[in-house]
Structure formats: C-alpha cells, structure tokens
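Each chain, written out:
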Amino acid sequence: MSHNTHLLNGRMQILLLIMCFSISTYAVDRTPVQYEYEIRNAFKQDHWEEGKTLLYEAEPEYGTLSVFCELKGAYDYHFKLYDEARRHLLLALRDDESNPQALELLVRVERE
C-alpha cells in the first residue's frame, strides 16, 4: 500500500471512532417516556433508590411534567412522607388534571 492509502485508512478510522462516540453519546439521552418506564419498573421491583436516582437525573429537563411529579409523589408516599407526596401529586394534577395515577394516589394520601 502506498503512503497515501495508509493516511486515508488512518483518517477513516478516526472518523469512524468519532461517529461511534457520537452515536453512543446520543443513545444515552433518554426521552421522558424512557425515564418513566425505567422509574416505574424500578419502583415495581422495590428498587426505590434506583428510581429516585433516575427521577433526579431527569429533573433538569422533565421535572415539571405531570408524570414526574406523580412519580415523586409515589416515592414520597412509599416512605410515608405524606406532606411531600401531597405537594408533588397536586403539582402533577395541576399540570394534567386527567393523570389517573396521581389522582388515585392523592386519595390514598388524604386517607392517611
């Protein structure tokens, strides 16, 4: 192979590495739906701290969305932090009055 062919192969390898890194970095970003799915699964499996970690990871971008307020309320309810649960669930319902999980959980909070 000529010297130019080696240079071309080296440049292509660098370009491929950059592309792979960009794709892998992009794949780490989660959508609100992905976060919700992972958090609900963590809570269902009784991995509350893992779910909480994901909640606070999502907080900067999605923290005010109804579903995330509802999930914070679910976390608080599980640990009997009823005032915090109530606050988060009311925020969830303010954002989306038809959030059935938030409404159901708020009823349970009020019964405690």
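Residues numbered from 1 in each chain as written. Predicted model: local features only at pLDDT ≥ 70, side-chain atom pairs only at ≥ 80, totals over all residues. Heavy atoms only, no water.

**What to know about helix H3 (residues 48-62)**
As a reminder of what qualifies: Relative accessibility decides the category of a residue: with a 1.4 Å probe and only protein chains considered, values under 20% of the type maximum give buried, values over 50% give exposed, and everything between is partly exposed. The helix count covers DSSP runs of H or I at least four residues long, the strand count covers runs of E at least two residues long, and both are numbered beginning at the N terminus. Pairs of residues are marked as contacts when any of their non-hydrogen atoms sit within 4.5 Å.
Within H3, burial applies to Trp 48, Gly 51, Leu 54, Leu 55, Ala 58 and Tyr 62. Looking at the buried positions of H3, the neighbouring elements they touch are helix H2 (32-44) and helix H4 (66-78).

**Brief notes about the side chain of His 88**
Relative to the helices and strands, His 88 resides in helix H5 (residues 82-95). Accessibility expressed as a relative area gives 7% for His 88, which makes it buried. In this view, His 88 contacts Cys 69, Glu 70, Lys 72, Gly 73 and Asp 76; residues no more than four positions away in its chain are not counted.

**Observations regarding the packing of aromatic side chains**
Basically, it comes down to this: Classification of ring pairs rests on two measures: the distance between centres of Phe, Tyr or Trp rings, Trp counted by its six-membered ring, which must be within 6.5 Å, and the angle between planes, read as stacked under 30 degrees, edge-to-face over 60 and tilted in between.
Under the defined criterion, the tally for this structure stands at eight aromatic pairs. On the basis of an interplanar angle of 20 degrees and a centroid distance of 6.0 Å, the ring pair of Tyr 62 and Phe 68 is categorised as stacked. Phe 68 gets classed as buried once you look at its relative accessible area, which sits at 1%. Seen in terms of ring centroids, Tyr 75 and Phe 79 are 4.8 Å apart; in terms of plane orientation they differ by 50 degrees. Their pairing is tilted. In this structure Phe 79 comes out as partly exposed when scored by relative accessible area, which is 38%. Through a chain of ring-to-ring contacts, the aromatic side chains of Phe 43, Trp 48, Tyr 75 and Phe 79 assemble into a single cluster.

**Re the packing of H2 against H4**
Let me state the cut-off plainly: Helix axes use the C-alpha atoms of the stretch in contact, all axes being lines fitted to C-alpha atoms, and the angles between their N-to-C directions lie in the range 0 to 180 degrees. To sort the angles, those under 35 degrees are grouped as roughly parallel, those over 145 as roughly antiparallel, those from 65 to 115 as roughly perpendicular, and the leftovers as oblique. Here is the rule for handedness: rotate from the far helix to the near one, and if that takes an anticlockwise turn smaller than a right angle the crossing is left-handed, while a clockwise turn gives right-handed. Under the grouping applied here, Gly and all other residues not named as nonpolar or charged are polar, the nonpolar ones being Ala, Val, Leu, Ile, Met, Phe, Trp, Tyr, Cys and Pro and the charged ones Asp, Glu, Lys and Arg.
At a minimum axis separation of 11 Å, H2 and H4 run at an interaxial angle of 15 degrees. As summarised for this structure, H2 and H4 are arranged roughly parallel, according to the angle between their axes. Handedness of the H2/H4 crossing: left-handed. Contacts between H2 and H4 involve Pro 32, Tyr 35, Glu 36, Ile 39, Arg 40 and Phe 43 from the first element and Val 67, Phe 68, Glu 70, Leu 71, Ala 74 and Tyr 75 from the second. Looking at the contact of H2 with H4 residue by residue, the classes come out as nine nonpolar, no polar and three charged.

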